[in-house]
Amino acid sequence: MHTPLSLAGKRVTVMGLGLHGGAIGTVRWLAEQGARVTATDLKGADELRASVKKLRDLVGVEFVLGEHRDADFREVDLVVRNPAVPRDSKYLQIAQAAGVPIEMDSSLFFAACPSRNIIGVTGSKGKTTCARAITRLLKEAAGLKSVIEVGTDGISPLAELKSITPKTTIVFELSSWRLEALAERRISPPTAVVTSLYRDHLNTYSSFEDYAQAKKAIMLHQDSGGRLLLNTDDPKVAGWAGEAPGSVMWFSLRDLPEGDGIFVREGMITIRAKEAEEVLFDLSSVHMPGDHARRNVLPGLLLASLAGAVPERLKYALEQLPPLPHRLEAVRKLDGVIYINDSAATMPDATIAALKSLAGRRIVHILGGGDKALIFDELAGAEPAANIRTLIFLPGSATEKVKSALTAAYG
């Protein structure tokens, strides 16, 4: 996995400085390797002031803001693109035509990381919940001394390299965009977890199949010693098992007829490994909002158990898991009304799962927003099935599509 990188004196363009911290870590790491860095973004200096301020102490970094210059992609040694930059950007095409290599923070991380103990987590929804649970359970239940989580909530992978040794375990949340870079280098993490596969980001992918193929890079390039954890409750995810180069384990909220993994039988969380079964504890001990969240902590329980954690420690560590923001987050209760922030639910399937978790409650549903070229028919069917008191629509490019689908469903 570890490949020495020679970046000293190299001219590197970082495309997309952004507002959320990931590219800041990338720019700093490249500068620390001795690279001559140009950070460029179409956003202007005023909008990016906070990001630029965090990098002002660096020597040899140039900021080109409010524009991209052709020369910064043609006359350099390397381009590093932000995960949000479209693959078909004309500036990336300029770099490709000039023979300039294009990387992302994920591919650079795998090249420079001294540890092979990498657990990659992907999925349309549930990545952060799953990655956070794996990290905490490995630390607090299995007692691993060095576990680092990267890729979640703006945690820069490259910025964390200074803390990683060959014995460190890394839990890496991998979006479809970051997986694109790994696919180009034929890299997959030795342990891979897939939480779900829904229609998403179809404004940046040509089809659902194209999007799914990007996700599949998390397991396609494992070797025979690779380990793949699949959500068997999602038929699309479960169908990947036949393409796995290594071993497959399953996680499910239902009984598991065959195979190794973690599942729920008669309300009890159970692990099966090499035909031996161990009952951990009742599913009701998992205090998470909704079945999808409870399912997404199961890989953490499984991996921590395989690392030596006993049920009592697993249960205790699980109870200490803090709730994640923006994911069915109860932010306030006032005059008998609970206000829930589920703004991370940016696709119909996630919203449907949230409505199911609130079954029986009267709901004022605030929805709408940007268009990712998704289809809202299933959401339109789920809204009437829920106990909706009021619908409030926010402005956005997808809002009219949502309203039209709901109007048709409600009649």
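First, a word on scope: everything that follows refers to the structure included in this document. All of these numbers come straight from a predicted model, not from anything done at the bench. (Residues numbered from 1 in each chain as written. Predicted model: local features only at pLDDT ≥ 70, side-chain atom pairs only at ≥ 80, totals over all residues. Heavy atoms only, no water.)

### Some points on the sheet that holds strand 5 (residues 102-103)
- If you walk across this open sheet you meet the five strands as 3-2-1-4-5, and the pairing is parallel. This sheet does not close on itself; its edge strands, each paired only once, are strand 3 (61-65) and strand 5.
- Relative to strand 3, strand 2 (residues 36-41) runs parallel, the two being bridged by five bridges. Counterpart to Thr40 in the pairing with strand 3 is Val64. (Pairing = 2+ DSSP bridges. Helix = DSSP H or I, 4+ residues; strand = E, 2+ residues; numbered from the N terminus.)

### So, the environment of Leu303
- By the element assignment, Leu303 lies in helix 10 (residues 291-306).
- Once the C-alpha coordinates of Leu303 and Met249 are considered, the two residues, 54 residues apart in sequence, prove to be 10 Å apart.
- Sequence-distant contacts of Leu303, defined by excluding residues within four places in its chain, comprise Ile119, Ile134, Leu138, Thr191, Arg227 and Leu229. (Contact = heavy atoms within 4.5 Å.)

### As for the packing of helix 13 (residues 377-385) against helix 14 (residues 399-410)
- Between helix 13 and helix 14, the shortest axis-to-axis distance is 8 Å and the interhelical angle comes to 50 degrees. Put simply, helix 13 runs oblique to helix 14. As helix 13 runs across helix 14, the sense of the crossing is right-handed. From helix 13, Asp377, Leu379, Ala380, Gly381, Glu383 and Pro384 reach across to helix 14, where they touch Ala405, Leu406, Ala409 and Tyr410.
- Counted by class, the contact of helix 13 with helix 14 contains seven nonpolar, one polar and two charged residues. (Axes fitted to C-alpha atoms, helices over the stretch in contact; angles between N-to-C directions. Parallel < 35°, antiparallel > 145°, perpendicular 65-115°, else oblique. Left-handed = near helix turned anticlockwise from the far one by under 90°. Nonpolar A, V, L, I, M, F, W, Y, C, P; charged D, E, K, R; others polar.)

### Structural notes on the pattern of salt bridges
- A full pass over the atoms with the stated rule returns 21 salt bridges.
- In this structure, Asp255 and Arg265 form a salt bridge, with 3.4 Å as the shortest nitrogen-oxygen distance. Of this pair, Asp255 sits in the loop between strand 11 (247-251) and strand 12 (261-265) while Arg265 sits in strand 12, placing them 10 residues apart in sequence.
- The class of Asp255 is partly exposed, set by a relative accessible area of 40%.
- Judged by its relative accessible area of 29%, Arg265 falls in the partly exposed class.
- In this structure, Arg294 engages Asp291 in a salt bridge whose closest nitrogen and oxygen atoms are separated by 2.9 Å. Taken together, the residues Arg294 and Asp291, both in helix 10 and three residues apart, mark about one turn of the helix.
- One network of salt bridges, in which partners are shared, links Arg81, Arg87, Glu180 and Asp210. (Salt bridge = Lys/Arg side-chain N within 4 Å of Asp/Glu carboxyl O. Buried < 20%, exposed > 50% of the residue type's maximum accessible area, 1.4 Å probe, protein only.)

### Side note on the pairing of strand 6 (residues 118-122)
- Of all five residues making up strand 6, five are buried, and the element is well covered by its neighbours.
- With burial as the criterion, each face of strand 6 is covered, one bearing Ile118, Gly120 and Thr122 and the other bearing Ile119 and Val121.
- Note: strand 6 against strand 8 (residues 169-173), four bridges, orientation parallel. The residue of strand 8 that forms the bridge with Ile118 is Ile170.
- Sheet topology note: the strand 6/strand 9 (residues 191-194) ladder contains four bridges and is parallel. By the bridge assignment for strand 9, Ile119 is matched with Thr191.

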